[in-house]
Amino acid sequence: MRAVRGLLALLLAVAGALFGGTAPASAHAALIGSDPGQGTVVDKAPTQITLTFSEKVALSDNSLRVLDPKGQRVDTGKASNLSGTMYGVPVRSGLPRGTYTVTYQVVSADSHPVSGAFTFSVGAPSTTTVSVSGRSAGGGVVGWLYGFARYVSYAGFIVLIGGAAFVLACWQRGAGVRAVQRLVASGWVALTSATLALLLLRGSYTGSGKVSDIFDLSLIGQVLQTKAGAALVSRLLLLAAGALFIAVLFGAYVKQDAGGDEADGVQASDGDGEASGTGGSARSDASVKGSGGSARAADSNGSNGSNDEPASGDDAADLAAEKRDLTFGLAIGGTVVASGLAATWAMAEHASTGIQTGLAMPVDVLHLLAVALWLGGLATLLVALYRAPSIETAAVRRFSRIAFGSVVTLAATGVYQSWRQLGSWSALTGTTYGQLLLVKVGLVAVVVGIAWISRRWSAQLVDAPAVVARRTPEKRRATVAAKVSAQSGARTENGSPEAASGANGNSGSSDKDGEPEVSGADDGGSGSAASGTSGRSERAAQLARQRAAMAAARARRIRDADPVRAGLRRSVLAEAAVAIVVLAVTTALTTTEPGRTEETARAATASASASPRSGPLSLKIPFDTGGQDGKGTVQVALDPARVGGNEMQVYVTRPNGRAFDVPEVKVAFTLVAKSIGPLPVVPDRIATGHWSSNGVQIPMAGDWQIAVTVRTSDIDQVTVNKNAKIG
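Residues numbered from 1 in each chain as written. Predicted model: local features only at pLDDT ≥ 70, side-chain atom pairs only at ≥ 80, totals over all residues. Heavy atoms only, no water.

(A) The arrangement of the sheet that holds strand β14 (residues 676-681) in detail. One open sheet holds the four strands; their spatial order is β14-β13-β17-β18, and the pairing between them is antiparallel. What marks the edges here is a single partner per strand, and that holds for β14 and β18 (717-726). Shown here is a sheet whose adjacent strand axes are inclined to one another by a mean of 20 degrees, direction ignored. Of the strand pairs in this sheet, strand β13 (residues 664-671) and strand β17 (residues 702-711) are connected by seven bridges, and their pairing is antiparallel. (Pairing = 2+ DSSP bridges. Helix = DSSP H or I, 4+ residues; strand = E, 2+ residues; numbered from the N terminus. Axes fitted to C-alpha atoms, helices over the stretch in contact; angles between N-to-C directions.)

Next up, the structure:
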């Protein structure tokens, strides 16, 4: 028990370290472009502000705001999706000169909040009272609570699904062990509580971040209309079905198991002197409890209420068939519920956005189920080794095979998910997501190594003798007698000596002819009979408590004396400790921006920082075609010289500055760094020495090479070029 408490302390410590000292959750959508661009100075005031993200985002009423230098809003309409991943908000026409601040707070397609701010200037930069630092969504107390609730929800899912699967697939007798029942039920409670908390916290988490908004009903209503809200509500509905599953597993299923166990006289215990379910329970109050093994008072023919003879062959076969049918039904129902619960994460997290979503979501469900079968089964095995008097060798070896299959599934699905989220080898070491993934892979390797040691212990494991297993007829008669004596004493104290007299056939207080020794003569005689009966019931209860305590102590001594089981307990405990850290890192991964998105955003930022110039571009390039009257200057003007459509003007002049009437001018754009181009543009002649072209498309920002071909005669022409930063 001390080891289990230590494991719980480790779980809380890891959760505190993970969520107590971290920054707000990283967003999974990144701003990769805007118009006007960040830090740019434009000559003409814009009428609309556009932002482009790496993936689709969800907008609210105040998702996009534009503030003037005094902090007053100048946006005039509701933000909307313009096309694809581009969003915009209109602003007042004729904005005065100065620096303006654009703030955004949206929700990415994988349900994580995204926020930030940038500035642009009209005419010339100016001072502004708006601060753009510290604007981040998902932080503060609400962010911490939301992160902790996510961790608890994952842990609850693993314990619930893994524990139930362990009982059904590996150790069906464990359904009657109280410690296992409490473990699985605690997983259900943890997952349900965490889901309700996430539903309440979500509105504030993606919005203001204020604690006071947690119970805002209007925010909760908005959450229910989102993809994340639908996933949480679906999870709650599936948990209601999960509650029914648990009730059947630990109720009707134990009753089915009781018939065969009663025939064998087997009794399951949790190691504390309290047996549960299978054949009855020896409790400290001397009551006999269980679905199929509860003792009853003797009937009028003197029966002691216990079935001393094993069940007949036909009855045993019927019970076995009923149990198989119930096991099959529970397995099907449990698989449906478990898959549905896993899908509530897949439909709202990383797998629901990006590339190959149709394949990614089923793979994510398999990944989550494999984690639950492995780590949840490991937790149940740990509880069984520490809290149950014994666990069959076959059960341990069955789990070993299931765990191996789960690890193989984890490896296959994990490789696919890693490729999908990273996209390149550089992202594995150059992004936060990749670095966390490497940590997770290392921890999983440690767990697999410890599991190999556990597998070696399992190979040496042999079944221990069942010292508390036999419930002989003598023990059943003694237990029934104790219960009947207690009931008789209670009836006598309530003024019903006849009821006590009727029960004395089983309590041993009648003569050989079956007539009661006390016939109810006077008040003194009646009181003496009640006193004697009460004394016998107290002694029987005391003896029952002593026997239960001795049996539990004997079971613990035998359990702890086995060196193989002790070694297996230690290795499984070590596995569970490292698995807790793995779960923490996994939770951190789900709140970290994928490497593929991070690299895309980094490239966009680098392109923006590589082009410090803003506004229209004008280049003057001298040329010489080599022929007579072949010298001059060509001027190329590009407006606004940003990504997208631009207007280009070309002017050709003689050395004396007069317009040069040349027969042909051609322009080509090439981005050498990205192997884009040349992109040819043939402008139209407007006047002598003046050429123009509208809608010149620049696909991305960068250091572009602009090549101009000038022909001065039928045979004289030259191509000159110059580099310029565009975008």
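(B) Just a nonpolar patch on the surface, in detail. A grouping of Val141, Trp144, Leu145 and Val211 is seen on the molecular surface, where their side chains present a nonpolar patch of about 330 Å² in accessible area. Within the secondary structure, valine 141 sits in helix α2 (residues 140-169). Judged by its relative accessible area of 54%, valine 141 falls in the exposed class. (Patch = residues over 30% accessible without salt bridge, like charges linked within 9 Å, V, L, I, M, F, W, Y side chains within 5 Å. Areas by Shrake-Rupley, 256 points an atom, 1.4 Å probe, with all protein chains shown as cover. Salt bridge = Lys/Arg side-chain N within 4 Å of Asp/Glu carboxyl O. Buried < 20%, exposed > 50% of the residue type's maximum accessible area, 1.4 Å probe, protein only.)

(C) Spatial organisation of the side chain of arginine 420. If you trace the backbone, arginine 420 turns up in helix α9 (residues 393-422). Although arginine 420 is buried, it forms no salt bridge, and the closest oppositely charged side chain is aspartate 364 at an N-O distance of 7.9 Å. If sequence neighbours within four positions are ignored, arginine 420 has contacts with His350, Ala351, Thr353, Gly354, Ile355, Gln356, Thr357, Ala360 and Arg596. (Lys, Arg positive; Asp, Glu negative; His and termini not counted. Contact = heavy atoms within 4.5 Å.)

(D) Here's a closer look at the sheet that holds strand β3 (residues 48-53). The sheet built from four strands is open, its strands ordered β1-β3-β7-β6 with antiparallel pairing. Each end of this open sheet is capped by a strand with a single partner; those strands are β1 (31-35) and β6 (80-83). Across the sheet, the mean angle from the axis of one strand to that of its neighbour is 30 degrees, orientation sign disregarded. Sheet analysis places β1 next to β3, joined by four bridges and oriented antiparallel. In the strand pairing of β3, aspartate 35 is matched with threonine 50.

Keep in mind that these numbers describe shape and distance, not what the molecule does.
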